[in-house]
Each structure stands twice: as structure tokens, then as C-alpha cells.
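Single-letter residue listing:
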Amino acid sequence: MRNRNRLAWCMLPAVAVGALVGVAAQGAPAADRPNVVLVFTDDQGYGDLGCYGSETLRTPSIDRLAREGTRFTDFYVQVVCGPSRSALLTGRYPVRSGGWSMPASEITIGELLQKAGYTTGCIGKWDVSNRAVIPERMPNAQGFDYYWGTLGANDNGRVAFHENNREAGRTDDMASLTRTYTDKGIAFLEANRDKPFFLYIAHTMVHSVIDASPEFKGKSKGGLYGDTVEELDHHTGRLLRAIDELGLRDKTIVIFTTDNGPWNNMQERLRERHGGAVAWGSSGPLREGKGSTYEGGIRVPCIVRWPGHVPAGRTSDAIFSTLDFLPTFAALAGCDVPADRIIDGTDQTELLLGKSEAGARDDYYYFCQNELHGVRRGKWKLILPDRKKFYGYVDDKGSGKTELYDLDADVGETKNLADEQPEIVDEMMKRAKAFQWPEKLHSPGIRLPRPKRQ
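This one's a predicted model, so the numbers in the text were calculated from it and none came from an experiment. (Residues numbered from 1 in each chain as written. Predicted model: local features only at pLDDT ≥ 70, side-chain atom pairs only at ≥ 80, totals over all residues. Heavy atoms only, no water.)

Q: Just checking my understanding: could you explain the sheet that holds strand β15 (residues 403–406) for this structure?
A: Through backbone hydrogen bonds, the strands of a sheet pair up, either in parallel or in antiparallel fashion. Across the sheet, four strands lie side by side as β12-β13-β14-β15; this open sheet has antiparallel pairing. Strands with a single pairing partner mark the edges of an open sheet, and in this sheet they are β12 (363–368) and β15. Neighbour to neighbour, the strand axes of the sheet diverge by 20 degrees on average, direction disregarded. Both β12 and strand β13 (residues 371–377) contribute to a ladder of six bridges, which runs antiparallel. Its bridge partner lying in β13, aspartate 363 is registered against arginine 377. Each of β12, β13, β14 (380–383) and β15 is contacted by helix α12 (residues 422–433), which is oriented at about 125 degrees to β13, the strand it contacts most. (Pairing = 2+ DSSP bridges. Helix = DSSP H or I, 4+ residues; strand = E, 2+ residues; numbered from the N terminus. Axes fitted to C-alpha atoms, helices over the stretch in contact; angles between N-to-C directions. Contact = heavy atoms within 4.5 Å.)

Q: So what exactly am I meant to see when it comes to the nonpolar core here?
A: Generally speaking, a soluble globular protein has its nonpolar side chains buried in company with each other. Within the largest apolar cluster, 83 residues are counted, with the highest numbers of intra-cluster contacts made by Val37, Tyr93, Leu189, Leu382, Tyr391 and Leu404. A total of eight residues in this core trace back to one element, the largest contributor, which is helix α7 (residues 223–245). By size, the runner-up hydrophobic cluster in this structure holds 44 residues, among which are Met102, Ile107, Ile109 and Leu352. (Core = buried A, V, L, I, M, F, W, Y, C linked by side-chain atoms within 4.5 Å. Buried < 20%, exposed > 50% of the residue type's maximum accessible area, 1.4 Å probe, protein only.)

Q: Where do I start with the pairing of β14 in this structure?
A: Where a strand is regular, its side chains alternate between the two sheet faces. Residues Trp380 and Leu382 of β14 are buried on one face, and the alternating residues Lys381 and Ile383, pointing to the opposite face, are buried as well. Across four bridges, β13 lies against β14 in antiparallel orientation. Counterpart to arginine 377 in the pairing with β14 is tryptophan 380. Taking the residues that link successive antiparallel strands as the turn, the β13-β14 hairpin has two residues, and the phi of glycine 378 there is positive, at about 60 degrees. As paired elements, β14 and β15 share four bridges and run antiparallel to each other.

Remember that the coordinates give geometry; whether it matters functionally is a separate question.
Okay, here's the thing in C-alpha cells:
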């Protein structure tokens, strides 16, 4: 599933790289290259949208997006924030791309599209520079012409903003963030409507310390969490209307997804933090939530719309992932992906355009804190025995033995078929052992590693 393009453009000098990508982009005229708008929410569960089965939350804007595009049921991310973002940005599993510790040497979607002639913007939560001010690892140095947002999370109920590499204020008003990010995103669209662009909006909500504006607070049937999701839906609707009003609808791919499953495995702590309010989401029919390599931690909603290209009203059960964004966007923009490193993503253009039902991916590896927990191939999912690495809030750590699930028949992972299907287990074990590990692993921690004492 890895890209084997032998053209090692990443090893060329910067000027040569730009020239090379420019030549590649000539194969896709500007009129044929879509704009890309990627909306990436935080800690939103598989069951937290009407179009994914919620009977509690009202999400009319996102539900409409699903009717106008394709809804993916088997879409994968990573188990937590930083790893999910480095995987999305680079098309590489976090054991390669570094998660919160993503190094400056990684090549992002922004860098590829920037060199292909796109104007690139990042709004919101960055979270791949160890939540620290390290200019060479911040958005401007990683392929984004414009950045406005927070370098980390809101775990203490406050965030500090940066505009490009400059400090741009602080706030403890969590209810204002979704509106503010959307305002900034719309301003970016207005400023760049006449040229190809990539806009990546990474919302802080609904992570850790959540809140909703007065006009949404107390209005949903899902507690404070529901209020906050319904506000996200409202502002997503504003963004979509802006795309339409600017005449960009037919030439813009819009993708809506989230970084990992809901924090439904830390309910008591979240309840205390929010004065008794419900502040976590739902995994729907899936097992466990954020931090877990069971499906509830890593399978999330994903909706893609591109009128006239991506089929409307379609539901796809093809295996698809944020890892696939980089090679897919590169193909649509007419540029090459890096060839001096393993790219774990695969070009899913045929899947998006409705020319393939199965897509180009038939496997997926499940990682937690640099440990391989399992692998999926087709309908089969293998959980490896004797796993050691878990996030502390994850309650369901499994049996500790080999587990095999038929995800087509048992999406909730309730019936372990390992004893009944030994041949499948053997085949899946071989696939797990065949994973090509990097020579060196990055620190899986959030903060910068402490220097070792001499």
C-alpha cells in the first residue's frame, strides 16, 4: 500500500523542488485543480451526528453535507490528538511522523500544495510541535502561508493564540473558539477566492474543557456536549454558505471529520470539571472511545463533498483514512508525493470519484504510544496479545490474549473468533509482523522530552 515513486524530489535543493512540483502541476490545469477545505473537529464520536445515527443531537448542516456528498462508515484516524494530526498532515503513521513530536523534516500536505501553486491556510489547533513555540516546527515553516490558532490544547481551560509566528492573545472563553475559528476561515476564503487554496480548520471543540455560546447553551437534548456539537454544526453551516456565496461550491472539495473517538471513558472527571454537565460524546455502536485501539477510539465520521465529482447521497464502507489525504490531494493537484520516505497513505481518488467501490486500501494498522496493537485486513481485525501501552483513562484493555473480530458482522467487537479461525489469525499475525518499522521512534509524549542528566 506504500507509494513507490522513484522520483526522490525531496532530496533536491529547495529551488529544484519547487521547479519540479511546478512541472508536475502543469499536468493539472488550475481550472481542473480543486480547492480543498478540511474541517477537523476534536474528540467527536462516531455517534455524534444525525447522519451517523444520533437521535439526540441536531446537526442539520453536516447532515446536509452528507446528502450532498459521500459518507464513509469505515474511516480511520489515530487514537489521540497529536498522533492523529501528524498522520493527517504527512500521510505517515505516527510511529514515523512523530505525533506531538513531529520533526521539521516531515513533509506536510501544506508543503506539497504550496509548491504546486496553492495558497495554504491553517486555522485552529496545531498540536504537533510539543505545544511549544518552535518556529521551525510551526505552521509557517511546515507549508502554511497563513496560520491563526493555538499550538496546543485547552486542557486547563485557557488557550494562547499565534498569528503566524507572533503571539496573538489569550482567552479562557472556550465558547468563543468555534465562532472565532470559523470567522478566520471565512476571511481566508474571501481573501483567496481567485486562486487555488487549501484551508485546514482544526477546531478545539469538543475537547477537554468545552462550552457553548449563550444562544446554544441548554438548547440541545445532549447536555453541554450536545450544545457544543450543535454550535459546531451551526458554524460549519456558515462556512459552507460562504463557500457557496463566493461561487466556490463546484470547485471545492469539502471534508468533515474528527481526530479520534469521544472521551466517553473519562466521564466522571469531565463531569466534575463541568459542574456536573455531560461533556463527552458517543461512540454509537462501537467499542470504547478516545485512546483505545478498539473501533470507538479510531473509527470516526467522515464526509466528502465535491459537486459533480464526488457522488451525492452515497454511503461507502471502503477502508479510508486521514493517512490517504496527502497522496489523494497530491494526485488531484497534479503533484508528486515524497519518494525518499515511506508514505503509508494511498491515493483514494478513484474511491472519492465513485469509480471504485472498494478503494485502494484493504488494510490498516492500529498503534498506541508507538506500540502496534492490531491490524485490519478487509473485514477481519486482529488484536495482538500482551499489549503493554495504554492511556490511563482507557477502561477496556481487552483480554490480553489474541482477539479476532469480523467487523462486517460484529462492528461492536463483542465476539472473539480467534479460536474458531486459526488460519485467519496466522495470516493476520504475519501481516502484523511484516510492518516496516522506522529505525528510530519519536517520543510519544505531549511535551518536549526532558534532557538527560549528564
